[in-house]
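# Summary of structural features
Residue-level listing of the chains:
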Amino acid sequence: MHVLNKLAVAMALATTALAAHADITVGVNVSATGPAASLGIPEKNTFTLMPKTIAGQKVNYIVLDDATDTTTAVKNARKLTTEDKVDILVGSTVTPNSLAMIDVAAETGTPLISMAASAVIVEPLDGKKRWAFKTPQNDAQMAGAIVEHMKANNVKTVAFIGFADAYGEGWYSEFNKAAQAAGIKAVTNERFNRTDTSVTGQVLKMMATKPDAVLIGAAGTPAALPQKTLKERGYAGKYYQTHGVANNDFLRVGGKDIAGTFLPAGPVLVWNQLPDSNPVKASATEYVQKYEAAFGKGSVSTFGGHAWDAGKLIEAAVPEALKKAKPGTPEFRAALRDALEQVKNVAGAHGIFNPTATDHVGLDNRSRVMVTIENGGWKLIK
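Quick notes on the rules
Here, residues in each chain are numbered from 1, in the same order as that chain's written sequence. Two thresholds apply to this predicted model, a pLDDT of at least 70 for residue-level local features and 80 or more for giving and counting side-chain atom pairs, whereas whole-chain, interface and lining totals are computed over all residues. For side-chain calculations, the full set of non-hydrogen atoms in the structure is used, while hydrogens and water are omitted. Put simply, DSSP marks the helices as runs of H or I at least four residues long and the strands as runs of E at least two long, and each gets a number from the N terminus on. For this analysis, residues touch if any pair of their heavy atoms sits within 4.5 Å. Buriedness for pockets is judged along seven lines, at least five of which must meet protein on both sides within 12 Å for an open set on the 1 Å grid over protein atoms alone, while cavities are sets there where a 1.4 Å probe fits but cannot get out, and lining residues have an atom within 4 Å of a point. Grid points are joined across faces, edges and corners, and a volume is the space filled by probe spheres set on the points. Gly falls in the polar group here, along with every residue not listed as nonpolar (Ala, Val, Leu, Ile, Met, Phe, Trp, Tyr, Cys, Pro) or charged (Asp, Glu, Lys, Arg). Nonpolar cores are built from buried Ala, Val, Leu, Ile, Met, Phe, Trp, Tyr and Cys residues. Side-chain atoms within 4.5 Å join them into one set. Three labels apply to residues, based on accessible area from a 1.4 Å probe with only protein chains included: buried if under 20% of the type maximum, exposed if over 50%, partly exposed otherwise in between. Two strands qualify as a pair provided that DSSP identifies no fewer than 2 bridges between them. Looking at any residue, its pLDDT shows the predictor's confidence there, from 0 to 100. Every axis in this analysis is a line fitted to C-alpha atoms, fitted for helices over the stretch in contact. Angles between the N-to-C directions lie between 0 and 180 degrees. By definition in this entry, angles of less than 35 degrees are roughly parallel, angles greater than 145 are roughly antiparallel, angles of 65 to 115 are roughly perpendicular, and the rest are oblique. Whether a crossing is left-handed or right-handed is set by the direction in which the near helix is turned from the far one by less than a right angle, anticlockwise for left-handed and clockwise for right-handed. Stacked, tilted and edge-to-face are the three classes assigned to paired rings of Phe, Tyr and Trp, where Trp is represented by its six-membered ring and a pair needs centres within 6.5 Å; plane angles under 30 degrees give stacked, over 60 edge-to-face, the rest tilted. Definition used: whenever NZ (Lys) or CZ (Arg) falls within 6 Å of the ring centre and also within 35 degrees of the ring normal, the charge is taken to sit over that ring. In this analysis, the expected span of each helix is defined as 1.5 Å times one less than the number of residues it contains. For this quantity, the arc is that covered by the directions from the helix axis to the C-beta atoms. Identification of polar contacts relies on pairs of N or O atoms within 3.5 Å, with a donor-acceptor requirement for protein atoms, meaning one able to donate a hydrogen and the other able to accept it, and with residues adjacent in sequence counted only if both atoms are side-chain atoms.

Moving on: the side chain of T302. Residue placement: T302 occurs in helix 11 (residues 302-322). Setting aside residues up to four positions removed in sequence, T302 forms contacts with H243, A246, V268, L269 and H350.

Moving on: empty space enclosed by the protein. For the structure on display, the rule yields 2 cavities of 30 Å³ or more. Quantified by volume, the largest cavity comes out at close to 120 Å³. If you trace the largest cavity, you find 16 residues lining it, with L39, T93, A117, Y167 and F303 closest to the centre. Listing elements by their share of the lining of the largest cavity, those giving two or more residues are helix 2 (37-46) and helix 11. For the lining of the largest cavity, the class distribution of residues is 9 nonpolar, 5 polar and 2 charged. Considering only enclosed or pocket space, the second largest cavity measures out at about 40 Å³ in volume. Around the second largest cavity, the lining residues are V26, F47, M50, P51, I54, Y61, G311, I314 and E315. With 3 residues, helix 11 is the largest single contributor of residues to the lining of the second largest cavity.

With 57 residues, the main nonpolar core has W171, F175, Y240 and W378 as its most contacted residues. With 6 residues, the single largest contributor to this core is helix 5 (residues 139-152). Excluding its chain neighbours within four sequence positions, the residues that come into contact with W171 are D139, M142, A143, I146, F160, L215, G217, T242 and H243.

The next point concerns the sheet that holds strand 4 (residues 88-91). With respect to topology, 6 strands assemble into an open sheet ordered 2-3-1-4-5-6, the strand pairing being mixed. Unpaired on one side and paired on the other, strand 2 (53-54) and strand 6 (132-134) mark the two borders of the sheet. Direction of pairing for strand 1 (residues 24-30) relative to strand 4: parallel, over a ladder of 4 bridges. Bridge pairing in strand 4 links N29 to G91.

When pLDDT drops low, the exact placement of atoms in the prediction is not to be read closely. Averaged over all residues, the pLDDT of the protein chain equals 94, while 95% of them reach at least 70. Segment residues 7-20 is flagged for pLDDT under 50; beyond a separation of four residues in sequence, or across chains, it makes 3 contacts in the model.

This paragraph deals with the packing of helix 5 against helix 6 (residues 166-181). Packing of helix 5 against helix 6 brings their axes to within 9 Å, and their N-to-C directions diverge by 45°. What the angle tells us is that helix 5 and helix 6 run oblique. Seen along the crossing, helix 5 lies across helix 6 with a hand that is right-handed. Taking contact as the criterion, the partners of D139, A140, M142, A143, I146, V147 and M150 in helix 5 are, on helix 6, G170, W171, E174, F175, A178 and A179. For the contact of helix 5 with helix 6, a count of residues per class yields 10 nonpolar, 1 polar and 2 charged.

Taken as a whole, the largest pocket encloses approximately 280 Å³ of empty space. The wall of the largest pocket is formed by 16 residues, among which L269, W271, E292, G298 and V300 lie closest to the centre. Its residues placed into classes, the lining of the largest pocket shows 7 nonpolar, 7 polar and 2 charged. Put simply, the second largest pocket is a space of about 150 Å³.

We describe a pair of aromatic rings using the distance from one ring centre to the other and the angle between the two ring planes. Counted by the stated rule, this structure contains 9 aromatic pairs. Centroid distance F163 to F192: 5.3 Å. Interplanar angle 55°. Geometry classified as tilted. Highlighted residues: F163 in strand 7 (residues 157-163) and F192 in strand 8 (residues 185-192), separated in sequence by 29 residues. Summarising the burial analysis for this pair, F163 and F192 share the class buried. Taken together, the ring pairs in this structure connect Y287, Y291, F295 and W308 into an aromatic cluster. A cation over a ring is seen here: R130 above W131, with NZ or CZ 5.6 Å from the ring centre.

Taking 1.5 Å of rise per residue, the 14 residues of helix 3 (residues 70-83) would be expected to cover 20 Å, and the 20 Å separating its terminal C-alpha atoms lies within 8% of that figure. Turning to helix 3, its buried residues number three or more, namely A73, N76, A77, L80 and T81. Seen along its axis, helix 3 keeps its buried residues to an arc of 120°; they face one direction. Along helix 3, exposed side chains directed more than 90 degrees from the buried face belong to T71, K75 and E83. Elements that come into contact with the buried residues of helix 3 comprise strand 1, strand 3 (57-65), strand 4 and helix 4 (95-108). Put simply, D69 is the residue that caps the front of helix 3, since its side-chain oxygen is 3.3 Å from the backbone nitrogen of T71. One or two residues past the end of helix 3 sits K85, with phi positive at roughly 50°.

See below:
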């Protein structure tokens, strides 16, 4: 009997040890193909650089591609949560797909970190969205930077064209609010689809208003289409884009037609132009150096930075969650969600993160700079 008791105790201790060292599983859904591929590919690449252990626990990353399709994003999220039983979801690349994934995250009690920009992903923080976090700067924050630049450069009227989805709508809403407060008038509100090959009709309407500037509320390579069309038609005013175009593929597709464009971006885009006093320079440099060591000089993009920052938040939250539960359990997922609201001063590629129970982004104005496109590259506006 004594031997049996000792055996039972030994088995219990072994089971406890195994449970304490259960793997952490991160389920990733990116748009590595389709219209948002130029955003999703660097995100996918970045997950190969993520830590393989956190707080002594092995971390597994399962990466799926939603092809920039909302239905596929939901399908992938369901597979990751029900079949792979992930502890946390990261994704998607674009706003519509991220919004669609929130239902799955809330239903399964799985925290979600989106790599898409629109504030509607985390606002308002209702029952479902309390499970959602995101790493990109809010469109309101970036719209404010654009409006400040417009006001300083005597822009009074702006023609807007954006995606016919939540990204375009979010950008128009936030820009219009900031513009009105600054005495700037939005004179058009045009839309186009990510897969469209012509926007001539919309551009003619924009040009008819004779605006001082145009703002294109789009992301990735499709954002070049309205600008190229405007150039072809001879529009000579100021051009603004959103941080959704801050990658080298946009430079390649836009060519000479995008020279002189203004846009807000995360500091990582111009990391080597930042003064040493910039609080994000060190953490941005860390990401760039690791990415370019793996994928080649000049290959880094701001979108991969959003994935890197998701990894930084997970790395900061996991040790706290482990104090309350073991990976692979509903309790651990809930503890991880709670821990993401409490991490402090997480230094990422785009900024310093301080999320709270009422702010599931946690970035301040240290996370934005204004840049222009000059000589086929990005130049910091000082």
